[in-house]
Amino acid sequence: GSVGMSHQQQHQQQQQSSANGGAVSSIEWVSMNYIPFGEKALAVAVKLYQQTAADEAVVEGQILHEIIKAVHLPLSLKYKCMSASTWKLAISSLMTVLHTGLPVARAHPKQFAPLWKDLSDTLDQFLFPKSVCVVEDRGLDELVLDEAIDCQVIELIRDEILPFSQEIPQQFILDAVVLLNKGSIHSATTGSTPFAGCETELKLREEFAKTCFETLLQFSLLDDGMGQLTANSVNNNCLDKDSAATVNGTAANEGGIAGRLAITALLHRFEEVLRKFNDDERLSGKFPLPRYRLSEISFVLKAVATLV
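Note that the coordinates shown come from a computational prediction; the quantities given were computed from them, not determined experimentally. (Residues numbered from 1 in each chain as written. Predicted model: local features only at pLDDT ≥ 70, side-chain atom pairs only at ≥ 80, totals over all residues. Heavy atoms only, no water.)

Digging into the packing of helix H5 (residues 84-107) against helix H9 (residues 140-161)
In step 1: Their axes nearest at 11 Å, the elements H5 and H9 cross at an angle of 5 degrees. In this view, H5 runs roughly parallel relative to H9, as classed from their interaxial angle. When H5 is examined against H9, the residues Trp-87, Lys-88, Ile-91, Met-95, Leu-98, His-99, Leu-102 and Arg-106 are found in contact with a partner set consisting of Glu-142, Asp-146, Ile-149, Gln-152, Val-153, Leu-156, Glu-160 and Ile-161. (Axes fitted to C-alpha atoms, helices over the stretch in contact; angles between N-to-C directions. Helix = DSSP H or I, 4+ residues; strand = E, 2+ residues; numbered from the N terminus. Parallel < 35°, antiparallel > 145°, perpendicular 65-115°, else oblique. Contact = heavy atoms within 4.5 Å.)

Notes on a negative patch on the surface
In step 1: Among the surface-exposed residues, Glu-155, Glu-206, Glu-207 and Glu-214 lie close enough to one another that they form a single negatively charged patch.
In step 2: For the negative patch, the element with the most residues is helix H11 (residues 198-220), which contributes three residues. (Patch = residues over 30% accessible without salt bridge, like charges linked within 9 Å, V, L, I, M, F, W, Y side chains within 5 Å. Areas by Shrake-Rupley, 256 points an atom, 1.4 Å probe, with all protein chains shown as cover. Salt bridge = Lys/Arg side-chain N within 4 Å of Asp/Glu carboxyl O. Lys, Arg positive; Asp, Glu negative; His and termini not counted. Charge placed at Lys NZ, Arg CZ, Asp CG, Glu CD.)

Quick notes on the pattern of salt bridges
In step 1: A complete count under the given rule lists eleven salt bridges for this structure.
In step 2: A salt bridge links Glu-66 to Lys-69; the nearest nitrogen and oxygen atoms lie 3.2 Å apart. Remark: Lys-69 and Glu-66 occur in helix H4 (residues 63-77); sequence separation between them is three residues, near one turn of the helix.
In step 3: Taking relative accessible area as the criterion, Glu-66 reaches 39% and is therefore assigned partly exposed. (Buried < 20%, exposed > 50% of the residue type's maximum accessible area, 1.4 Å probe, protein only.)

Quick look at the packing of aromatic side chains
In step 1: For the structure shown, the criterion picks out four aromatic pairs.
In step 2: Ring pairs connect the aromatic residues Tyr-79, Trp-87 and Phe-126, which therefore count as one cluster.
In step 3: Across the ring face of Phe-126, the terminal group of Lys-78 is positioned such that the distance to the ring centre comes to 4.1 Å.
In step 4: Taking NZ or CZ as reference, Arg-106 lies 3.7 Å from the ring centre of Phe-164, over its face. (Phe/Tyr/Trp six-rings, centres within 6.5 Å; stacked < 30°, edge-to-face > 60°. Lys NZ or Arg CZ within 6 Å of the ring centre and 35° of its normal.)

Here we look at the packing of helix H7 (residues 115-127) against H9
In step 1: In the contact formed by H7 and H9, the axes pass within 11 Å of each other and the chain directions differ by 150 degrees. Relative to H9, H7 is oriented roughly antiparallel. The two elements H7 and H9 meet at a crossing, and its hand is left-handed. On H9, the residues that touch Leu-123, Phe-126 and Leu-127 of H7 are Ile-149, Asp-150, Val-153, Ile-154 and Ile-157.
In step 2: Taken together, the residues that form the contact of H7 with H9 break down as seven nonpolar, no polar and one charged. (Left-handed = near helix turned anticlockwise from the far one by under 90°. Nonpolar A, V, L, I, M, F, W, Y, C, P; charged D, E, K, R; others polar.)

Some thoughts on the environment of Asn-181
In step 1: Along the chain, Asn-181 falls in helix H10 (residues 170-184).
In step 2: In sequence terms Asn-181 and Cys-212 are 31 residues apart; their C-alpha atoms lie 7.2 Å from each other.
In step 3: With residues up to four places along the chain from it excluded, the contact list for Asn-181 reads Leu-216, Ala-265, Leu-266 and Arg-269.

Focus on H10
In step 1: Look at H10: 21 Å from first C-alpha to last across 15 residues, which is about the 21 Å you get at 1.5 Å a residue.
In step 2: The element H10 is extensively covered by neighbouring structure, given that twelve of its 15 residues are classed as buried.
In step 3: By the burial criterion, the buried members of H10 are Phe-172, Ile-173, Leu-174, Asp-175, Ala-176, Val-177, Val-178, Leu-179, Leu-180, Asn-181, Gly-183 and Ser-184. (Expected span 1.5 Å × (residues − 1).)

And the structure:
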């Protein structure tokens, strides 16, 4: 009886919303019903996948790939999601299924081949979203927690993916290097941070940049034995032809291609930041550059010292 009453009440609410034609009522209806239902369904799917990931039917059905495609939208929307709980559950779910599913994917490369491109796009769009979050909207503490989640994603790449680069398609490893490179320096890529307000954004993103850099540096020391990367594939991922030739000509003979690519990417980014800093300092005349620019150049110089 109570269930029937509940359904009847919900139906009446829906009719009332339609009758009023109010956008606010519709949003409330979605927030109260569809969002919790969708989040519950995702949580159940993740638990079921954890228990059945290695089953033949699950492998052949490419269920891990389907989950990645399902969470792609909320992760790419991020701060534009109607409810913050949605993207937070989505990224938590993604990390959980990857922890369970990546060993299975490495053991069945043929069945999981289509997965890697979508995974790369999903990670990139989540870590560098088009949506902007204003500090005043969420508060500084919340944004610090959001940055911690981003760092956890990088740590997952560091611990669950890079050590197994021999068993993972080289294009995905290349995409991972480009992603880490993008995150390793704060402002070199326009729109690379989702936080509004220059000084605040760089302060907040500093831990994320540090995690990306340390992961890139660690990866650069790995001998992954990936085989030769073509000059075109390197050139298409933000490195110039001279760098591509260096990676192909020298490193190909010595192994550790992706690691050397990581070093090359770091050095190019450092050069870009140093040159931009010098140019802007000359143009600023007697006025000092903003504090965040000094913080950025300090970060780069420390990074160079670490590499040396």
